[in-house]
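The lines below spell out each chain.
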Amino acid sequence: MLKIKNYINGELIEPSKKQYIDNYNPATGKVYSFIPDSDESDVELAVAAASAAFHSWSNTPKDERSRIMLKISELIEKNLERLAVAESVDNGKPVSLARMVDIPRAASNFHFYATGILHYAAESHSMEDTAINYTLRSPVGVAGCISPWNLPLYLFTWKIAPAIASGNCVVAKPSEVTPMTAYLLSELCIEAGLPKGVLNIVHGYGHKVGSAITAHPKIPLISFTGGTKTGAEIARVAAPMFKKLSLELGGKNPNIIFADCDFEKMIKTTINSSFANQGQICLCGSRILVERSIYDKFKKEFVASVNKMKVGDPADAASRVGAVVSKPHMEKVLSYIELAKEEGGTVLCGGHQIKLEGEFSEGYYIAPTVIEGLTADCRTNQEEIFGPVVTIMPFDTEEEALKHANSTQYGLASILWTENLTRAHRIANQLHAGIIWINCWLLRDLRTPFGGVKSSGVGREGGFEALNFFTEPKNVCIKIK
Ligand code: NDP
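Given the structure is predicted, the values throughout are model-derived calculations rather than measurements. (Residues numbered from 1 in each chain as written. Predicted model: local features only at pLDDT ≥ 70, side-chain atom pairs only at ≥ 80, totals over all residues. Heavy atoms only, no water.)

**Student:** For this particular structure, what's the right way to read the overall build of the protein?
**Tutor:** Helix and strand counts for the protein stand at 15 helices and 25 strands. Taking 2.2 N^0.38 as the reference for a compact globule, 481 residues should give roughly 23 Å; the C-alpha atoms of the protein span a radius of gyration of 23 Å, in line with that estimate. Expressed as lengths along the three principal axes of its C-alpha atoms, the size of the protein is roughly 70 × 65 × 40 Å. Relative to its full complement of 481 residues, the protein shows a buried share of 57%. Excluding contacts between residues fewer than 6 apart, the proportion of contacts in the protein whose partners are at least 24 apart in sequence is 75%. Carbon and sulfur atoms provide 55% of the accessible area of the protein, an area that totals close to 19300 Å². The average position of the 50 basic charges and that of the 52 acidic charges among the side chains of the protein differ by 3 Å. (Helix = DSSP H or I, 4+ residues; strand = E, 2+ residues; numbered from the N terminus. Rg over C-alpha atoms; globule rule 2.2 N^0.38 Å. Buried < 20%, exposed > 50% of the residue type's maximum accessible area, 1.4 Å probe, protein only. Contact = heavy atoms within 4.5 Å. Areas by Shrake-Rupley, 256 points an atom, 1.4 Å probe, with all protein chains shown as cover. Lys, Arg positive; Asp, Glu negative; His and termini not counted. Charge placed at Lys NZ, Arg CZ, Asp CG, Glu CD.)

**Student:** I would appreciate a short explanation of the site of the ligand in the present structure.
**Tutor:** In the vicinity of the ligand, 32 residues are found, and the nearest of them are Ser 147, Thr 230, Leu 249, Cys 282 and Glu 384. A distance of 2.5 Å separates an oxygen atom of the ligand from a polar atom in the side chain of Glu 384. Relative to its unbound accessible surface of 910 Å², the ligand loses 87% to contact with the protein. Mapped by element, the contributors of at least two residues to the shell around the ligand are helix 7 (206–215), strand 11 (221–225) and helix 8 (228–238). If one sorts the elements of the shell around the ligand by residue count, helix 7 sits on top with 4 residues. Split into classes, the residues belonging to the shell around the ligand amount to 13 nonpolar, 14 polar and 5 charged. Counting residues domain by domain, the shell around the ligand receives three or more from each of domain 1 (2–249 + 456–479) and domain 2 (253–451). (Near = heavy atom within 4 Å. Polar contact = N/O pair within 3.5 Å; in protein donor to acceptor, adjacent residues only side chain to side chain. Nonpolar A, V, L, I, M, F, W, Y, C, P; charged D, E, K, R; others polar. Domains from an automatic or database assignment.)

**Student:** Please clarify how the packing of aromatic side chains should be interpreted in this entry.
**Tutor:** The relation between two aromatic rings is expressed through the spacing of the ring centres and the mutual angle of the planes. Considering all chains together, one arrives at 8 aromatic pairs under this definition. With centroids separated by 6.0 Å and ring planes inclined at 55°, the aromatic side chains of Tyr 113 and Trp 158 adopt a geometry described as tilted. Linking Tyr 113 in helix 4 (residues 95–116) with Trp 158 in helix 5 (residues 152–165), this pair joins segments that are 45 residues apart in sequence. Of the two residues, Tyr 113 and Trp 158, both sit in the buried class. Centre to centre, the rings of Trp 149 and Phe 386 are 5.4 Å apart; their planes meet at 70°, and the pair counts as edge-to-face. Here Trp 149 is found in the loop between strand 8 (142–146) and helix 5, whereas its partner Phe 386 is found in the loop between helix 12 (379–382) and strand 19 (389–395), with 237 residues between them in sequence. The residues Trp 149 and Phe 386 share a single accessibility class, namely buried. Through successive ring pairs, a cluster of aromatic residues spans Phe 112, Tyr 113 and Trp 158. Lying over the aromatic face of Trp 158, Arg 105 brings its terminal NZ or CZ to 4.5 Å of the ring centre. The lysine or arginine in question, Arg 423, covers the ring of Phe 258, its NZ or CZ lying 4.0 Å from the ring centre. (Phe/Tyr/Trp six-rings, centres within 6.5 Å; stacked < 30°, edge-to-face > 60°. Lys NZ or Arg CZ within 6 Å of the ring centre and 35° of its normal.)

**Student:** Teacher, can you tell me more about the side chain of Gln 278 here?
**Tutor:** Within the secondary structure, Gln 278 sits in the loop between helix 9 (263–275) and strand 14 (285–291). According to the relative accessible area criterion, Gln 278 is buried, its value standing at 0%. Apart from the residues lying within four places of it in its own chain, the contact partners of Gln 278 are Gly 92, Lys 93, Pro 94, Val 321, Gly 322, Ala 323, Val 324, Gly 387 and Pro 388.

**Student:** For this particular structure, what's the right way to read the pattern of salt bridges?
**Tutor:** Oppositely charged side chains can form a pair if their charged atoms are brought close together. What the rule picks out here adds up to 18 salt bridges. Across the salt bridge formed by Asp 129 and Lys 481, the nearest N and O atoms sit 3.2 Å from each other. Taken together, the residues span a long stretch of sequence, with Asp 129 in the loop between strand 6 (124–127) and strand 7 (131–139) and Lys 481 in the segment after strand 25 (471–479) at a distance of 352 residues. A salt bridge links Asp 260 to Arg 423, with the nearest nitrogen and oxygen atoms 3.0 Å apart. (Salt bridge = Lys/Arg side-chain N within 4 Å of Asp/Glu carboxyl O.)

This is the structure in structure tokens:
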């Protein structure tokens, strides 16, 4: 069985203690490879390699950094099918989704920042005829990048690409639950000629490798995507060391549907925004608020469409819903469905595990679930479930919809359906979220600021925001008179 290796100082190497963790295929519930159980000694090696590479890489002309990154992007595209299958096997997501979204986006992340860095400029401030100020932007040094399991290669590269484009060297940790495409990426980086030490990938548990990265005194910057609780722990450790932090955390996003929406388009997109990737996208709209006059019509058509979604083998092109990522995660999601019932909710469809046949009989499948009859302030409607579970709730007025939408501790994304332009702008302005989609979902322009407010995070990724994060500004003031 394949043993994944760490990528340190340009080489694929075993973890120092030669210990491994089982890697499960969520579709079958069977172990199919082994993940390095690395510890702080492996992180130490990675930091040493990144520190040694920093002087040379940060002084490498942008054009050359860009050329190597474009090569990595091309190699991801060339290996699209292999990477998509690997992502699907590792994560449980339908291979069609990995083929259409995850892997192309990983290639775009490298392409976007390979070209973005060529257009990145700093500011100058003139004090009329007294002085002129200009800002230098320098890479920070060794960046720590920690990413989650839901969009493995997509989110991993979303951090690494701006970090290395701006001249930093990186010590990165993918989620231990989904390490495979990060491992395949390390092979592609070697093939592309990325100089040794520029990117180092250390596999293993969050509480060992992740916390060693967070606490390391030679890593002055951490870019983290994951749960709010982990984000708080990282902030607690990093704050006294004055590290730069970018935290992209959880969400409990509202999907607000007004009676004047384009109903057909809304239903089609709402199926996706509810259940894409088994609902395991931080941007999914898990609380659906529907104007009362169309509530019954919505309920009938939405539930009918959900009932038609095929749950099955992620490799089967007909499967719309694959397996959730792990057994503990499946149990957590199922326990939330039980909680919803205890809180007075009525399950309109789904609500249970699905047992498939044959080799998939031990896989982690949950029927897409729609629940109604809950109050806005119950735990089911306040806590992140991160699975194929949505609640639906009627509202009467715009004020009521806004009040419910803004009522959680989270503020990542919001979705809004209305053909009334004035109302769309008015509500967008009042929603507590970093990202608002009106009459669409997950439409992404990589130049736009990406991130959340409240417990959904600190800082923004995307466009020049990420390049600002991965560089330190230095003002130079010259007196001219
Ligand atoms: P976790 O917070 O559990 O883990 C994220 C990463 O952090 C993993 O690599 C994990 O390793 C690591 N980690 C765990 N503990 C520590 C620690 N003490 N110190 C440093 N690193 C640690 O999140 P999940 O992987 O469960 O991902 C799901 C969460 O991510 C959801 O809350 C979701 O909303 C959020 N998310 C947010 C996004 C955004 O852009 N705002 C996008 C996507 C997801 P290991 O896996 O080994 O435990």
